[in-house]
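Chain and residue survey
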Amino acid sequence: MTAVQLPRTTSTTAPVTSRISRTSLTCLAVAAPLWAAVSLAQAATREGFDLLRHPLSALSNGSLGWLQIANFVLAGLLTVAGASGLRRALEGGPGGRWAPRLVLAYGVGMVAAGLLVMDPGDGFPAGTPYGMPQALSWHAYGHMAAGTLAFGTLIAACYVLGHRFGRTGERGLAVASRVAGTALLAGDLWAMTGGTAGSLTLAVGAITAMLWISVVAIRHR
């Protein structure tokens, strides 16, 4: 009898999987710089916007609001796509299961935060009465819930990655990861308690944590 030879797939499957993982991690690496650049460019140019008083989410309002909505949705989708590459990169090590799941949830929260727009208020868009709206719309409540999901899971992802780097002996990366998570946590809490320039501290914390996830993606790419 002649032995049946099975087709060899290992040699082609591995490179394909590697390319998919690199592409996925590239999506994750691009998401935060893109979101930050588009958000800050609008913050500097949109009439009536003041980062000391208005959160970057407020840019979703007004005639140019579609730019920030698209910015949130695109960054969120890139993050969701990147979570699978991060899972492959971290597989088998500390935090290899939870870090990608938290990043995935963070991406979903970003998409939802883009689709559910917060209400105009405190003078933005230009012509809006100063002060907070007396009543919030359903989509404003949805935006707050989506933001809570995105920020909460992003903070947790930074701490999980900090734990991973600590376990693997990469102390500098462990410290940086925890600092990024703490920056967002502190900025968010300060903004929620009505602290001075809370929207600015929130923006700084959010961008710091988001960019750290991009750094991790680049490192593992």
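Up top is the structure these notes are about.
Residues numbered from 1 in each chain as written. Predicted model: local features only at pLDDT ≥ 70, side-chain atom pairs only at ≥ 80, totals over all residues. Heavy atoms only, no water.

A look at a nonpolar patch on the surface
Taken together, the side chains of Tyr159, Leu185, Leu189 and Met192 present a nonpolar region at the surface, about 390 Å² in accessible area. A total of three residues in the nonpolar patch trace back to one element, the largest contributor, which is helix H5 (residues 171-192). Looking at the secondary structure, you find methionine 192 in helix H5. Owing to a relative accessible area of 64%, methionine 192 belongs among the exposed residues under this scheme. (Patch = residues over 30% accessible without salt bridge, like charges linked within 9 Å, V, L, I, M, F, W, Y side chains within 5 Å. Areas by Shrake-Rupley, 256 points an atom, 1.4 Å probe, with all protein chains shown as cover. Salt bridge = Lys/Arg side-chain N within 4 Å of Asp/Glu carboxyl O. Helix = DSSP H or I, 4+ residues; strand = E, 2+ residues; numbered from the N terminus. Buried < 20%, exposed > 50% of the residue type's maximum accessible area, 1.4 Å probe, protein only.)

Describing the packing of H5 against helix H6 (residues 198-220)
Packing of H5 against H6 leaves a shortest axis separation of 7 Å and a crossing angle of 155 degrees. Accordingly, the angle class assigned to the pair H5 and H6 is roughly antiparallel. Once H5 is placed against H6, the crossing between them reads as left-handed. Contacts between H5 and H6 pair Leu173, Ala176, Ser177, Ala180, Ala183, Leu184, Gly187, Asp188, Trp190 and Ala191 from the former with Gly198, Thr201, Leu202, Gly205, Ala206, Thr208, Ala209, Trp212 and Arg219 from the latter. Split by residue class, the contact of H5 with H6 holds eleven nonpolar, six polar and two charged. (Axes fitted to C-alpha atoms, helices over the stretch in contact; angles between N-to-C directions. Parallel < 35°, antiparallel > 145°, perpendicular 65-115°, else oblique. Left-handed = near helix turned anticlockwise from the far one by under 90°. Contact = heavy atoms within 4.5 Å. Nonpolar A, V, L, I, M, F, W, Y, C, P; charged D, E, K, R; others polar.)

With respect to H5
Its 22 residues give H5 an end-to-end C-alpha distance of 31 Å, which sits within 8% of 32 Å, the value for a rise of 1.5 Å per residue. All buried positions along H5 are accounted for by Ala174, Ser177, Ala180, Gly181, Leu184, Gly187 and Asp188. At its buried positions, H5 is contacted by helix H4 (138-167) and H6. The positive-phi residue at the C-terminal boundary of H5 is glycine 194, with phi of around 80 degrees. (Expected span 1.5 Å × (residues − 1).)

Some details on the packing of helix H2 (residues 65-90) against helix H3 (residues 98-115)
Orientation of H2 relative to H3, taken along the N-to-C sense of each, is 170 degrees, at an axis distance of 7 Å. Classified by the interaxial angle, the pair formed by H2 and H3 is roughly antiparallel. Taken together, the residues of H3 that come into contact with H2 (itself represented by Ile69, Phe72, Val73, Ala75, Gly76, Leu77, Thr79, Val80, Ala83, Leu86, Arg87 and Leu90) are Ala99, Pro100, Val103, Leu104, Tyr106, Gly107, Val108, Met110, Val111, Ala113, Gly114 and Leu115. For the contact of H2 with H3, a count of residues per class yields 19 nonpolar, four polar and one charged.

Comments concerning unusual backbone geometry
That bond from phenylalanine 124 to proline 125 is cis: its omega, 0 degrees, falls within 30 degrees of zero. One can find proline 125 in the loop between H3 and H4. The backbone of aspartate 122 sits at a positive phi, close to 55 degrees, despite the residue not being glycine. Note that aspartate 122 resides in the loop between H3 and H4. Backbone geometry at alanine 197 places phi at a positive 55 degrees, although glycine is not the residue there.

Remarks on the packing of aromatic side chains
A complete count under the given rule lists three aromatic pairs for this structure. Taking the centre distance of 5.3 Å and the plane angle of 85 degrees together, the rings of phenylalanine 49 and phenylalanine 124 count as edge-to-face. Taken as a pair, phenylalanine 49 in the loop between helix H1 (10-45) and H2 and phenylalanine 124 in the loop between H3 and H4 lie far apart in primary sequence, 75 residues in all. By relative accessible area, which is 10% here, phenylalanine 49 ends up buried. (Phe/Tyr/Trp six-rings, centres within 6.5 Å; stacked < 30°, edge-to-face > 60°.)

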